[in-house]
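Residue strings, one per chain:
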Amino acid sequence: MGYLLRRLAATLPVMAVVAVVVFLLIHLSPGDPAALIAGDLATADDIARLRVALGLDQPLWRQFGLWLGRLASGDLGTSIFTQVPVRELLAQRIEPTLSIAVLTMALTVAVAVPLGTLAAWRAGSWIDRAVMLFAVLAFSVPVFLVGYLLIFAFAVHWPWFPVQGYTRIADDPAAWLRGLVLPCINLALVYIALITRMTRATVLEVLHEDYIRTARAKGLGVLPVLGHALRNAAVPIATTVGVGIALLIGGVVVTETVFAIPGVGRLVVESVQRHDYPVIQSVLLISAAVYVLINLLIDLSYRLFDPRIVY
Amino acid sequence: MKRSLACLLMLAAATAAPAQTKTLKVVAHADVKILDPTFTTAYISRNFGYMVYDTLFAQDANGTPKPQMVDKWTTSKDGKLWNFTLRPGLKFSDGSAVTSADVIASLQRWQSRDNLGKALVAAGAEWKPAGAQGFTLTLAEPFGMVLDALGKPSGFPPLILPERLAKLPTNAPMTEVLGSGPFVFKRDEWVPGNKAVFLRNPGYVPRSDAPSGMAGSKKPAFDRVEWLYLPDANSAIAALKRGEVDLIEQLPPDYIAPLRADANVKIGSGGSYQGFLVMNQSFPPFNNAKVRQAVLQAVSQDRFTAAMGYPLDMRVTYCATWFICGGPNETDAGAEPFRKADVAKAKQLLAEGGYKGEKVVLLVPSDITYLNAEALMAAQTMRSIGMNVDAQTMDWASIGARRAKKDAPEAGGWNMYVTVAGQFDVNSPINNAYLGAPCGTSLPGWPCDKQLDELRAAWIKETVPAKRKQLLDAFQRRAFEAVPYVNAGQYSAAFAARANLKNIDKLWGGLPNVWVLDR
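Rules used throughout
- Position numbers for residues start from 1 in each chain and track the written sequence from start to end.
- Going through the entries in the order they are written, you letter the chains from A and number the ligands from 1.
- Restriction of local features to residues with pLDDT of at least 70 applies here, the model being predicted, together with a cutoff of 80 or more for giving and counting side-chain atom pairs; totals for whole chains, interfaces and linings are based on all residues.
- Secondary structure is summarised from DSSP: a helix means a run of H or I of at least four residues, a strand means a run of E of at least two, and numbering begins at the N terminus for each.
- Counts of 20 or more other C-beta atoms within 10 Å of a residue's own C-beta define buried residues, counts of 12 or fewer define exposed ones, and intermediate counts define partly exposed ones; C-beta atoms are placed from the backbone.
- By the criterion used throughout, residues are in contact when their C-beta atoms, derived from the backbone, lie within 7 Å.
- Two strands pair if DSSP finds at least two bridges between them.
- Whenever a helix is involved, its axis is fitted only over the stretch in contact; in every case the axis is a line through C-alpha atoms, and angles between N-to-C directions fall within 0 to 180 degrees.
- What counts as a domain boundary in this text is fixed by an automatic or database domain assignment.
- The residue classification treats Ala, Val, Leu, Ile, Met, Phe, Trp, Tyr, Cys and Pro as nonpolar and Asp, Glu, Lys and Arg as charged. All others, Gly included, are polar.
- Crossing chirality is assigned from the near helix's rotation relative to the far helix, an anticlockwise turn below a right angle marking it left-handed and a clockwise turn marking it right-handed.
- Angle categories are assigned with fixed cut-offs, so that under 35 degrees is roughly parallel, over 145 is roughly antiparallel, 65 to 115 is roughly perpendicular, and the rest are oblique.
- A set of buried residues qualifies as a nonpolar core if it consists of Ala, Val, Leu, Ile, Met, Phe, Trp, Tyr and Cys joined through C-beta atoms within 7 Å.
- Confidence of the prediction at every residue is given by pLDDT, a number between 0 and 100.
- Expected helix span is given by 1.5 Å per residue-to-residue step, counting one fewer step than there are residues.

Here we take up the overall build of chain A. Summing up its helical and strand segments, chain A has 13 helices and 0 strands in all. Across its three principal axes, chain A shows a C-alpha extent of roughly 85 × 55 × 35 Å. Counting the 311 residues in chain A, one finds 41% classified as buried. A separation of at least 24 residues holds for 72% of the contacts in chain A among residues at least 6 apart in sequence.

In C-alpha cells:
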C-alpha cells in the first residue's frame, strides 16, 4: 500500500510538467484558432473581436491560470470551435478507442503468445523461420497500406465488413463487432509481430534454464513445460502488452483515419490542426494520466507472475 | 483454417438491422464544427445553414432571385419602398410561427456582417413590421440589388432565425440551432469530427414550385441525411464504391479520372471556383500596381488549375472575367493584354514598377493539397520573371494567423498567400470583396482603390440594366489596372455519386440542395 501511495504521489509532478509543457507548446506554436473560426473571408477586425470573445487576447499566464482553476474544479473546458464541453467530446470518443484497444490486444495476445512460444519451442525449424518472416513483414509494412489492402480485399472485393464507421455497442453489438474486425486486424498485426518476437526470445531463454531441463528429464509433457516457461517469461511480455494498451488508448491516428473511426487519436490530431486549445490540453493531460496509471498497473501485475518480486 | 473462415463469414453475415428510414449519406467536404452560419464564412457552416434555415428569396438555377419564404412583394416606382408578405403557415422546428419580428431581427444581424447587407445600410435601409406576416423596407436612395441581396446564396446568406437568436451578440458563434428549413439538426447524434445528422423537418412548409437552384420546393425525399467526415480520400472512395455512402461532395481531383470508369458512380460539377493570389499591398513590392500587373501578366491560369489536378474538361483554359465564366456578370472588358501569359512583358512591367529584387514572402500551405499546388505554381511563376521568392511552408491555421498581421514581411508579416473562392463569392463587384478594394478595409492584403470603390457603389445603385453593364465593364477595366488580387484560374469542383441516386443533375453550384435527390 505504501508503494502504491508513493507511486500515485509521484504522478503529481509528472502531471504538472505535462500540463505546463503541453500548454506552452500549443500556445507558442504559430496559428490562430480565431482566424480559422472566422473563415476565409473574415476581416482582421472580425478575427480580433473573436479573439476577445474567446479570451485569447489575455496574457498567457492568465489563460494558464484560468485553465488550471477550471481543471481543479473538474471542468475540462469547452471546445472553442464546437462549443461542446471537452468532457462530452471525450465521452463520444472513449468508447471507440477502448473498443479498439481491448479487441486489438485480445487478438494480439491470443495470436502472438502461442505463436512466439511455438517458434521458441521449434527454434531453428521452418516453423520458426516462417513465424519470424511473418513478424518482420507485419512490422515493416506501413499500417495505412495494410489498412487499404484490408479494405480492398474484405470490404470492397468481398464485401464482408464495412469500409468505415463505428457503431456503438449499445446500438447494435453485431454491427459494433463487424465494424471493428478490419481496424483491429490492421492494428493487431504490428503488435502481434512485436509480441511474437518478444515471446520467442524470452521463452527461448527460459527453455535453456536448468529447471526446464530437469522438468523435461522427469518426463513432464510439452504443454506443462511450456506453461512453466511462459510464466517465467511473462514479465517482459506483460510490460509490452501494457505499454501497447496505453499507446492504443492514447490514440491510433492512422487506423482511425483510414477506417473513419471517431477515436481519441483523431480528436487530438484535429484539435491540434485547428489549435483548439482546451481540447488539446485536457485530452493530452488525461492521456498522460492514463499512461502513468497503466504503467503502475503493469508494475503491480509483476507480482502475479513472479511472487519473488516485492515492493 | 476452414473453421476460421467460417467464423469470419458468420460474423460478416451478422449484418446491421435493415434501415427503417430513407437515409442519404453524404461525405461532406469538411467537418462541421461551427453551427452558426451567421458567424463564419466557412462553406461547411453555410451549407449547415441551408439544411436547417430558410431564406426570404433564393436564386434559381439561372441565378435569378425567386421568392422562398416570401409570398408576395411590391415595390414603388422609385424603388425606395418595398412591401413583403410571408407565406402563410411558416414555422420554426419548435412549432412557433415565423413572424415579421423574426425576419427583421435576422436581417439586422445579417446586415452587420455581410457586404451586401452593409451596402443596404449605406443606402439607408430601414425595416419595419407590417403586421405579423408583413414587413417593409424603405431606402434613402435607389438600390439595384434588393432581391439579389435577400437571395444571396453565399458569404453570409440572409437566413431567417427566431428573433431571440438573431438578437444574440455577434462577436461569438451561436450554439443553439432552430430554423424553419427543410431539415432539423439532430444534436444528440452529432459527433464533431465524424458525423452530423439531419432529420426531415415535419413542420416545413414547401413551396409548390418545382425545385431549381436554391429556389422552389425544398421538400426532401429522404427522411434522414447524414454528413460524414471521412478525412481519408481512399476510404471515402472505397465507401462510395461499396455503396456505404451515396455522395462525395468534393472529390479530390486525382480521383476524377479513375472513378469515371466505374459504372456504379457518376461524376458531376460541384460548382465553379476561382484561384486567388492575394498580395499584401501595404509593403513593397506589391504596393505598386505595376508589380501586381507583372504577376498577373505572368500567370497562366491553365497551368495553375492543371497543377491543382483538375482534368481538362473541369478547368477553364483562360477566363477573361473576374466574375466567373458562365456567371451572370461575365465580361471580358479590359482583359485583352492579359489573355496570354507573357514572361517578357511581365519582366518589363516589373522593371517599370521599379522592382529591385525585394524578397517576396509567400505563405505556402502544407496541409491542403490543392492550395499547396497553387502556391508552388505562384512561386514558380514569380521566379520565372525574376522575383526573389521566399516560400515559407506552414499549415493553414498558421497562415490564417499570419495573414492578419500588418507587420512588415521581414518582421513576421507576409507578401502573398493563395486561396480559392466559390462562384457565389466572386461573381459580382459586391460579392467579390477583394476586387472592390474598399480603402480602409481590414481584408488581409489591405487592397485600396478609390476608383474601384466608387464604381462598385455606382453599380450597386444603378437599376437600369444597360447602365449597370457599362458600370460593370468599367469596374473590370479598372480592376485590370489596379489588380487588387490575381485571378489564378477557374475550375469546377467535382462531386461523385452512386449511379442509383436520382436528380444529381439538379445539384447546384456546390450548394447543399440535397432535397432534390432521391433514390
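There's more to say after this.
Bringing the pairing of strand S7 (residues 134-138) of chain B into the picture now. Residue and element names in this part refer to chain B. Taking every second residue as pointing to the same face, the buried face of S7 carries Phe 135 and Leu 137, while none of Gly 134, Thr 136 and Thr 138 on the other face is buried. Here 5 bridges tie strand S5 (residues 81-86) to S7, and the two strands are oriented antiparallel to one another. Residue pairing in the sheet places Phe 84 in a bridge with Phe 135 of S7. The pairing of strand S6 (residues 126-130) with S7 spans 5 bridges and is classified as antiparallel. Bridge pairing in S7 links Trp 127 to Leu 137. Counting the residues between successive antiparallel strands, the hairpin from S6 to S7 contains 3 residues, one of them, Gly 131, with a positive phi of roughly 85°.

This part takes up the sheet that holds S7(B). Residue and element names in this part refer to chain B. The antiparallel open sheet is built from 4 strands, whose spatial order is S4-S5-S7-S6. Looking at strand neighbours, the two that pair on one side only are strand S4 (70-75) and S6, the edges of this open sheet. Averaged over all adjacent pairs, the angle separating strand axes in this sheet is 20°, with direction ignored. Note: S4 against S5, 5 bridges, orientation antiparallel.

With that out of the way, let us pick up helix H12 (residues 264-274) of chain A. Counting buried positions over the 11 residues of H12(A) gives 9, a clear majority of the element. Those residues of H12(A) that sit buried are Val264(A), Gly265(A), Arg266(A), Leu267(A), Val268(A), Glu270(A), Ser271(A), Val272(A) and Arg274(A). Tucked into the core, H12(A) has its buried residues touching helix H2 (33-38), helix H5 (86-121), helix H11 (253-258) and helix H13 (277-305) of chain A together with helix H13 (396-402) of chain B. Following H12(A) by one or two positions, His275(A) adopts a phi angle in the positive range, close to 60°.

A few words on the environment of Ile248(B). All names here are of chain B. Take Ile 248: it is sitting in strand S11 (residues 247-248). Counting along the chain gives 180 residues from Ile 248 to Gln 68, while the straight-line C-alpha distance between them is 27 Å. With near-sequence residues (within four places) excluded, Ile 248 lies in contact with Val 27, Ala 236, Leu 240, Phe 495 and Ala 496.

All names here are of chain A. Domain parsing of chain A yields domain 1 (2-72) and domain 2 (93-305). Computed from C-alpha coordinates alone, the two centres of domain 1 and domain 2 are separated by 33 Å. Looking at the side of domain 1 that touches domain 2, the elements that each hand over two or more residues are helix H1 (2-28) and H2. Among the elements that line the side of domain 1 that touches domain 2, the one with the most residues is H1, at 10 residues. Here the side of domain 1 that touches domain 2 is built from residues that sort into 10 nonpolar, 3 polar and 2 charged.

Bring the parts together and some accessible area is lost; that lost area is often taken as the interface size. Residue-level contacts link 52 residues of chain A with 46 residues of chain B. For the side of chain A that touches chain B, the secondary structure elements donating two or more residues are H2, helix H3 (44-54), H5, helix H7 (143-157), helix H8 (173-207), H11 and H12 of chain A. By residue number, the principal contributor to the side of chain A that touches chain B is H3(A), which donates 6 residues.

Moving on to the packing of H12(A) against H13(A). Residues and elements named next belong to chain A. For the pair H12 and H13, interaxial distance at closest approach is 9 Å and the crossing angle is 145°. Once H12 is placed against H13, the crossing between them reads as left-handed. Judged by residue contacts, Val 264, Leu 267, Val 268, Ser 271 and Val 272 of H12 engage Val 279, Ile 280, Val 283 and Leu 284 from H13.

With that out of the way, let us pick up the domain arrangement of chain B. Residues and elements named next belong to chain B. Split into domains, chain B comes out as domain 1 (34-173) and domain 2 (272-492). Distance from the C-alpha centre of domain 1 to the C-alpha centre of domain 2: 31 Å. Facing the 14 residues of domain 1 at the interface are 12 residues of domain 2. Of the residues forming the side of domain 1 that touches domain 2, the biggest block, 3 residues, is contributed by helix H4 (residues 115-122). Classifying every residue of the side of domain 1 that touches domain 2 by side-chain character gives 7 nonpolar, 6 polar and 1 charged.

All names here are of chain B. Contact geometry of helix H9 (residues 289-298) with helix H11 (residues 343-352) gives a least axis separation of 8 Å together with a crossing angle of 170°. Of the possible angle classes, the one that applies to H9 and H11 is roughly antiparallel. For the pair H9 and H11, the contacting residues are Lys 290, Val 291, Gln 293, Ala 294, Gln 297 and Ala 298 in the first and Val 343, Lys 345, Ala 346, Leu 349, Leu 350 and Glu 352 in the second. Within the contact of H9 with H11, the residues separate by chemical class into 7 nonpolar, 2 polar and 3 charged.

Among soluble globular proteins, nonpolar side chains are generally buried collectively. Formed by 231 residues in total, the largest nonpolar core has its most connected members in Val26(B) and Leu277(B). The dominant element in this core, judged by the number of residues it contributes, is H8(A), at 17 residues. In this view, Leu277(B) contacts Val295(B), Ala378(B), Met416(B), Val418(B), Tyr485(B), Val486(B) and Ala488(B); residues no more than four positions away in its chain are not counted.

Residue and element names in this part refer to chain B. Within the secondary structure, Asp 473 is located in helix H16 (residues 465-482). In sequence terms Asp 473 and Thr 321 are 152 residues apart; their C-alpha atoms lie 9.8 Å from each other. Look past the residues within four positions of Asp 473 in its chain and what remains in contact with it is Thr 331 and Ala 333.

When pLDDT is averaged along chain A, the result is 87; 98% of the residues meet or exceed 70. Per-element confidence in chain A is highest for H7(A), whose mean pLDDT is 94, and lowest for H2(A), whose mean pLDDT is 78.

Turning next to H13(A). Taking 1.5 Å of rise per residue, 29 residues should cover 42 Å, and H13(A) covers 42 Å from first to last C-alpha, within 8% of that figure. Three or more residues of H13(A) are buried, namely Tyr277(A), Pro278(A), Val279(A), Ile280(A), Gln281(A), Ser282(A), Val283(A), Leu284(A) and Ser287(A).

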